[in-house]
Amino acid sequence: MKLIVPYVVVTAALLPFTSGQTEQESTNNNSGQEVRQMIEKYRTALLHRDIPALERIWADDYVFVNASGEVVTKTQRLANLKSAATSFDSIKEEENLTVRVYQNSAVATSRVTIKGQYSGQPISGQYRSTHVWVKGSTGWQLVSNQLTALPPK
């Protein structure tokens, strides 16, 4: 006996494979946009020393590895900003931001130019920046980031 399958059924069954984007890819693209928006909120919060915003952005177990290689906790960073020992005149992205999403986490890298003061010392220069974001019940939070100083061009 010969089985005849209508063309419409076959076409509908193949749509997920031919649309060019899987459901996971679509979710990752949306999450990538969300992380990019969070990075902009983070940049703005740093520039304005917006402590309440930073308290929400940084996870409780957040750690920062500064350009000197020191590990700084959320509590230490907040104290540094509250005391005005750290302030930023500008934070500019010099290269395209890359965001890679892995389910409920994301890694973002870019090159940034920073001008301001860090721990009471003037800073100015280009840095390679890496962020690690995790999505929890309250949305995306920064769990870790690192800056690496780049040699002058």
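Data block above holds the structure.
For clarity, every value in this text was computed on a predicted model and none was experimentally measured. (Residues numbered from 1 in each chain as written. Predicted model: local features only at pLDDT ≥ 70, side-chain atom pairs only at ≥ 80, totals over all residues. Heavy atoms only, no water.)

**Student:** Outline the overall build of the protein chain, supporting the account with residue identities and numerical values.
**Tutor:** The number of helices and strands found in the protein chain is 4 helices and 7 strands. In sequence order, the protein chain lays out its α and β elements as α-α-α-β-β-α-β-β-β-β-β. The buried share of the protein chain, taken over its 153 residues, is 35%. For the protein chain, the proportion of contacts with a sequence separation of at least 24, taken over those separated by at least 6, is 50%. As presented, the protein chain carries roughly 9700 Å² of accessible surface, and 54% of it is formed by carbon and sulfur atoms. (Helix = DSSP H or I, 4+ residues; strand = E, 2+ residues; numbered from the N terminus. Buried < 20%, exposed > 50% of the residue type's maximum accessible area, 1.4 Å probe, protein only. Contact = heavy atoms within 4.5 Å. Areas by Shrake-Rupley, 256 points an atom, 1.4 Å probe, with all protein chains shown as cover.)

**Student:** An account of the packing of aromatic side chains is needed here, citing residue identities and associated values.
**Tutor:** Considering all chains together, one arrives at 4 aromatic pairs under this definition. Between W58 and Y62 the ring centres are 4.8 Å apart and the planes differ by 15 degrees, which places this aromatic pair in the stacked class. Given the relative accessible area of 0%, W58 is considered buried. Taking relative accessible area as the criterion, Y62 reaches 1% and is therefore assigned buried. Between F64 and Y118 the ring centres are 6.2 Å apart and the planes differ by 70 degrees, which places this aromatic pair in the edge-to-face class. On the criterion of sequence distance, the pair formed by F64 in strand β1 (residues 58-65) and Y118 in strand β5 (residues 105-118) is long-range, its members being 54 residues apart. Per residue, the accessibility class of F64 equals that of Y118, and both read buried. Residue placement shows R77 over the ring face of F64; its charged tip is 4.0 Å from the ring centre. (Phe/Tyr/Trp six-rings, centres within 6.5 Å; stacked < 30°, edge-to-face > 60°. Lys NZ or Arg CZ within 6 Å of the ring centre and 35° of its normal.)

**Student:** Hey, could you go over the environment of S90 for me, with residue numbers and the actual values?
**Tutor:** You can see S90 is positioned in strand β3 (residues 87-93). Taking C-alpha positions, S90 is 7.7 Å from T113, a pair spaced 23 residues apart along the chain. When near neighbours in sequence (up to four residues on either side) are disregarded, S90 contacts L47, T113, I114 and K115.

**Student:** So what's going on with the layout of surface pockets? Residues and values would help.
**Tutor:** Empty space among the atoms can be located by rolling a probe the size of a water molecule over them. Of the voids in this model, the largest pocket is the one considered here, and its volume is about 450 Å³. Taken together, 29 residues form the lining of the largest pocket, with F64, F88, V112, I114 and L147 sitting closest to its centre. Elements represented by at least two residues in the lining of the largest pocket include exactly α2 (23-47), β3, β5, β6 (121-136) and β7 (139-149). Per-element accounting of the lining of the largest pocket gives the leading share, 6 residues, to β5. Broken down by class, the residue content of the lining of the largest pocket amounts to 15 nonpolar, 9 polar and 5 charged. (1 Å grid on protein atoms, 1.4 Å probe; cavity = no way out; pocket = protein on both sides within 12 Å on 5 of 7 lines; lining within 4 Å. Points joined across faces, edges and corners; volume = space filled by probe spheres on them. Nonpolar A, V, L, I, M, F, W, Y, C, P; charged D, E, K, R; others polar.)

**Student:** Just give me the short version of the pairing of β7, but keep the residues and values in it.
**Tutor:** Sheet analysis places β1 next to β7, joined by 4 bridges and oriented parallel. Counterpart to V63 in the pairing with β7 is S144. What sits between the antiparallel neighbours β6 and β7 is a turn of 2 residues. (Pairing = 2+ DSSP bridges.)

**Student:** Before we move on, can you summarise the side chain of N145 with the specific residues and values?
**Tutor:** Turning to its location among the elements, N145 is positioned in strand β7. A distance of 2.5 Å separates polar atoms of two side chains, one belonging to N145 and the other to Y62. Beyond its immediate chain neighbours, meaning those up to four positions away, N145 contacts Y42, Y62, V63, F64, V65, R77, T130 and H131. (Polar contact = N/O pair within 3.5 Å; in protein donor to acceptor, adjacent residues only side chain to side chain.)

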